[in-house]
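Architecture at a glance
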Amino acid sequence: MVGGISAETPAQMYTDLSLLSNYEDLDIWFDFSNLTYGENAIITSVANKGQGGSDYNIDSNEGTPQYMSTTPGIGGNGLGSAYFDGSDEVLDMAGDYVTTGKPMTLFIVFSKADTTNDYLLVSSDDSATDYIRSAAGGDSITFKGNNEAAVTIAVDDTANSTVAYSLTALTMTLWVLRRNADGELSIYANNFNKIAFKDNAAIKAAATFKLGAIGGTTSGSLADTRGNICEVGIYDADIGAANTSLLMDSLCKKWGITI
């Protein structure tokens, strides 16, 4: 559907990202807010609501990722999330999703339990050839794509960004990562604050990005996730700045993000 996200009250929130003009490119979409699991039940399956379909459903897990009906840091609005306790807990997808090229837009809503540990958000899981991670301290983000070198990107200054940013524990957070056709990476936080731009060789060289696991990895030395993951999506396209702004505005309204 052509057009932006329609105006909605915070009470209504958005229910369908098809209202965004690039919806046809939204291949992966996991929304943990409306699962039917009981409180603290172990999550075993989650449907992919994106255009990629059931081939990319979450269909298994490692450890005991749990459903929480009220996510810490969102003002008690009752939206659920997946909780990971930091001990090799992973939600595994039925198949690995791989972008068709360099352009992509990935969004993730989460609440990190602390800023003393690294926090793995998404990965390819097997061998962790691809992943996105918040570093301990909350002042940098690590991106690794297509088995290229991992690149740690500082976000706590205003070099190539519009704001000096630091992740806060137990606070609802929205990140959007956009890669363009050259592989250059722009990162936004919360309500369209641009916190980083990176165009070094390893970032640009990654021909694709692979996603096979949410919340952690079982592959060796990477730190595990401790906190909540609420919503994750990947567009197989660079949706552009205007659509990114619309997307972030709607997600912020849904999750009560006011930063």
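For the structure given in this document, a descriptive report is provided here.

Rules behind the numbers
Residues numbered from 1 in each chain as written. Predicted model: local features only at pLDDT ≥ 70, side-chain atom pairs only at ≥ 80, totals over all residues. Heavy atoms only, no water. Helix = DSSP H or I, 4+ residues; strand = E, 2+ residues; numbered from the N terminus. Polar contact = N/O pair within 3.5 Å; in protein donor to acceptor, adjacent residues only side chain to side chain. Contact = heavy atoms within 4.5 Å. Buried < 20%, exposed > 50% of the residue type's maximum accessible area, 1.4 Å probe, protein only. Salt bridge = Lys/Arg side-chain N within 4 Å of Asp/Glu carboxyl O. Pairing = 2+ DSSP bridges. Phe/Tyr/Trp six-rings, centres within 6.5 Å; stacked < 30°, edge-to-face > 60°. Lys NZ or Arg CZ within 6 Å of the ring centre and 35° of its normal. Core = buried A, V, L, I, M, F, W, Y, C linked by side-chain atoms within 4.5 Å.

**Looking at the side chain of Asp130**
- Tracing the backbone through its elements, the reader meets Asp130 in the loop between strand S7 (119-123) and strand S8 (131-134).
- At 2.9 Å, the side chain of Asp130 forms a polar contact with the backbone nitrogen of Lys210.
- Asp130 has contacts with Val122, Ser123, Ser124, Lys144, Gly145, Asn146, Asn147, Thr208, Phe209 and Lys210, leaving out every residue within four places of it along the chain.

**Here's the deal with unusual backbone geometry**
- In this structure, Asn40 takes a positive phi of about 65° despite not being glycine.
- Here Asn40 shows up in the loop between strand S1 (26-31) and strand S2 (58-62).
- Phi is positive for Leu170, which is not a glycine, with a value near 55°.
- With respect to the secondary-structure elements, Leu170 resides in the loop between strand S10 (151-154) and strand S11 (173-179).
- Classification of Leu170 by relative accessible area gives exposed; the value is 51%.

**Looking at the pattern of salt bridges**
- Applying the stated criterion to the full structure yields five salt bridges.
- Between Arg178 and Asp238 there is a salt bridge, and its shortest N-O distance comes to 2.7 Å. In this pair, Arg178 is assigned in strand S11 and Asp238 in the loop between strand S15 (226-235) and helix H2 (240-255), connecting sequence segments 60 residues apart.
- A residue is classified by how much of its surface remains accessible, and Asp238, at 26% relative accessible area, is partly exposed.
- Through salt bridges with shared partners, a single ionic network connects Asp31, Glu231 and Lys254.

**Re the pairing of S7**
- With respect to burial, S7 is a largely interior element, five of its five residues being buried.
- Two strands pair when backbone bridges link them, and S7 and strand S14 (residues 210-214) are joined in this way by two bridges, in the antiparallel orientation. Residue pairing for S14: Val122 is matched across the bridge by Ile214.

**Examining the packing of aromatic side chains**
- In the structure shown here, the tally under the stated rule is six aromatic pairs.
- Consider the rings of Tyr56 and Tyr97, whose centres lie 5.4 Å apart with planes at 90°: the pair is edge-to-face. A residue pair is termed long-range when its members are at least 10 positions apart, and Tyr56 in the loop between S1 and S2 and Tyr97 in strand S5 (residues 90-98) qualify at 41 residues.
- Aromatic pair Phe110 and Trp175: ring centres 4.9 Å apart, planes at 75°, arrangement edge-to-face. Pair noted here: Phe110 is in strand S6 (residues 104-112) and Trp175 is in strand S11, with a separation of 65 residues, a long-range link. As far as burial versus exposure is concerned, Phe110 and Trp175 are alike and both buried.
- Chaining the aromatic ring pairs together yields one cluster made of Phe110, Tyr119 and Trp175.
- Directly above the ring of Trp29 sits Lys49, whose terminal nitrogen or CZ lies 4.4 Å from the centroid.

**Points about the nonpolar core**
- One finds Phe32, Trp175 and Ile214 to be the most contacted residues of the largest nonpolar core, which totals 43 residues.
- Here this core takes four residues from S6, the largest share from any one element.
- Filtering out sequence-adjacent residues up to four positions away, Ile214 remains in contact with Phe30, Phe32, Ile58, Phe84, Val90, Leu91, Leu121, Val122, Ile229 and Val232.
- Core analysis: the second largest hydrophobic core is formed by 21 residues, Leu26, Val109, Ile239 and Cys252 among them.

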